[in-house]
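# Structural characterization, general
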Amino acid sequence: LHRAASGGFGGFYPSANWPAQFLALTMGGRTLYIACHDGLSGTKWFSFDVGRDFRFTLAPPDMAVPGADFEQDFDAVLKPIRGNWFDACLEYRKWALKQRWAPERPVKDRDTPEGFKRICLWICENGPPEKIVPGVERALSFFRVPMGLHWYCWHQIPFDNDYPHYFPAKPGFKEAVARLVGKGLFVMPYINGRLWDSDTPDFPEALPFATKGLDGKFYVEIYGSGEKLVPMCPYTKFWGDKLVGIVKRLVEEFGVNAVYIDQVAAAGPRLCFDRTHGHPLGGGHWWVDGYYRILRRIRAIAPGRLAMTSENNCEAYMRWFDAFLTWTWRHPDMAPLYDAVYGARILRFASPGLGGGGDDDTAFR
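Below is a short write-up of the structure. All figures in this text were calculated on a predicted structure; none of them were measured in a lab.

### Some details on the pattern of salt bridges
- Considering all chains together, one arrives at 23 salt bridges under this definition.
- A salt bridge links lysine 44 to aspartate 38, with the shortest nitrogen-to-oxygen separation between them at 2.8 Å.
- Taking the relative accessible area as the measure of exposure, lysine 44 reaches 0% and is therefore buried.
- Across the pair aspartate 49 and arginine 52 runs a salt bridge whose closest N-O atoms are separated by 3.6 Å.
- A residue is classified by how much of its surface remains accessible, and arginine 52, at 68% relative accessible area, is exposed.
- Counted as one network, the salt bridges with shared partners bring together Lys79, Glu91 and Lys94.

### Describing a nonpolar patch on the surface
- On the surface, a nonpolar cluster with roughly 240 Å² of combined accessible area is contributed by Phe218, Val220 and Ile222.
- Considering the arrangement of structural elements, one finds isoleucine 222 in the loop between helix 5 (203-206) and strand 11 (229-231).
- Isoleucine 222 sits in the exposed class, given a relative accessible area of 52%.

### Here we look at the sheet that holds strand 12 (residues 258-262)
- Taking strand neighbours across the sheet as the criterion, the seven strands line up as 7-8-9-12-13-14-15 in an open arrangement whose pairing is parallel. Two strands lie at the open edges of the sheet, namely strand 7 (121-126) and strand 15 (347-349), each paired on one side alone. Ignoring which end each strand starts from, the neighbouring axes of this sheet average 25° apart.
- Inspection of the sheet shows strand 14 (residues 323-325) paired to strand 15 by three bridges, in the parallel sense. In the strand pairing of strand 15, alanine 323 is matched with leucine 347.

### Side note on the side chain of asparagine 257
- On the secondary structure map, asparagine 257 appears in the loop between helix 6 (237-252) and strand 12.
- Those residues in contact with asparagine 257 that sit more than four places away from it in its chain are Val181, Leu185, Phe186, Val187, Arg305, Leu306 and Ala307.

The rules behind the values
Sequence order as written defines residue numbering, which begins from 1 separately in each chain. Only residues with pLDDT of at least 70 are given local features in this predicted model, and only at 80 or more are side-chain atom pairs given and counted; all residues enter the totals for whole chains, interfaces and linings. Heavy atoms from the whole structure form the basis of all side-chain values; hydrogens and water molecules are not counted. The salt bridge definition used is simple: a Lys or Arg side-chain nitrogen within 4 Å of an Asp or Glu carboxyl oxygen. The classification of residues rests on relative accessible area computed with a 1.4 Å probe and restricted to protein chains. Under 20% of the type maximum is buried, over 50% is exposed, and intermediate values are partly exposed. To count toward a patch, a residue needs a relative accessible area above 30% and no salt bridge. Like charges then connect within 9 Å, nonpolar side chains (Val, Leu, Ile, Met, Phe, Trp, Tyr) within 5 Å. Computed with the Shrake-Rupley method and a 1.4 Å probe, the accessible areas treat only the protein chains shown as cover for residues. Secondary structure counts use DSSP, requiring at least four H or I residues in a row for a helix and at least two E residues in a row for a strand, with both numbered from the N terminus. DSSP-based pairing: two strands are paired if at least 2 bridges between them are found. Interaxial angles span 0 to 180 degrees and are taken between N-to-C directions of axes, which are lines fitted to C-alpha atoms, for helices over the stretch in contact. Contact criterion: two residues are considered in contact whenever any of their non-hydrogen atoms come within 4.5 Å of each other.

Below, the structure is given as structure tokens:
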């Protein structure tokens, strides 16, 4: 909530930095509702500069083809309403809950595992079973509430390195999962839903299915590990088969009852120009369509028994996930926009606590 707003701000949709396609301008008791009613979640940028303009900029399909036609297949909506940001949320909600991404039923009636719906406390841990299991068991004994374990680096490869080669797991991982699941815990290992490490021996095999820019070169993303990680194209069967295979093995061989698929909801689409992938070149809604096919296959692995989560929150992927890890820093003037629109339809969990958002101890509690 920007009070007496000045300057500019914006974001990229669909992603965590612009998770729903609207904003609201309030003066006195009246609000201007501004939205893109795009039910297919096409790629676009939003920007607002106080005192100058509001814009949404499309990345249309086939944008690499000179002179290609493009027809906008959704409405841009400007509507004056009474009230404030909350009333604008209700206006958006009336449209949004009818779209393909919205779960048809509230959380209590979804096929999310019943125990997962009752989790009160999450533990986020990193490392081998002998380090993690004793502490988790002490926490279970102390708190005596339904709990979940978000487990990073359960694999032998380092974090953000050598993806997607998560196997073999660390010694004792399978036995640890069985022990903790047996105590009623949800054990949720980390995997990444987008990236392939470019220095792995089999990267040449994956390269044809990586996202590529207009110049034909593959994109590279670098995080804390320093590795050159390449976002894969979700429209390709190759990447879909790889992700589905990883989750299937985690469920069937190691017995996990939840999985965290990083970056899917958080990171925006890459504009891919590889003609061999079969999607329109550049923008459009094909990126989301590709992940829909992948996530539908993953949900079919163990329906009602496997909980699926992703990083941050973005409306476009709600139907396929049971919860979003909303780790974004909390700020004193944050308005619960996403909860006002989608509150009963998907779980949110986690908080990064203090340190980056400006809230004090009381606000955090």
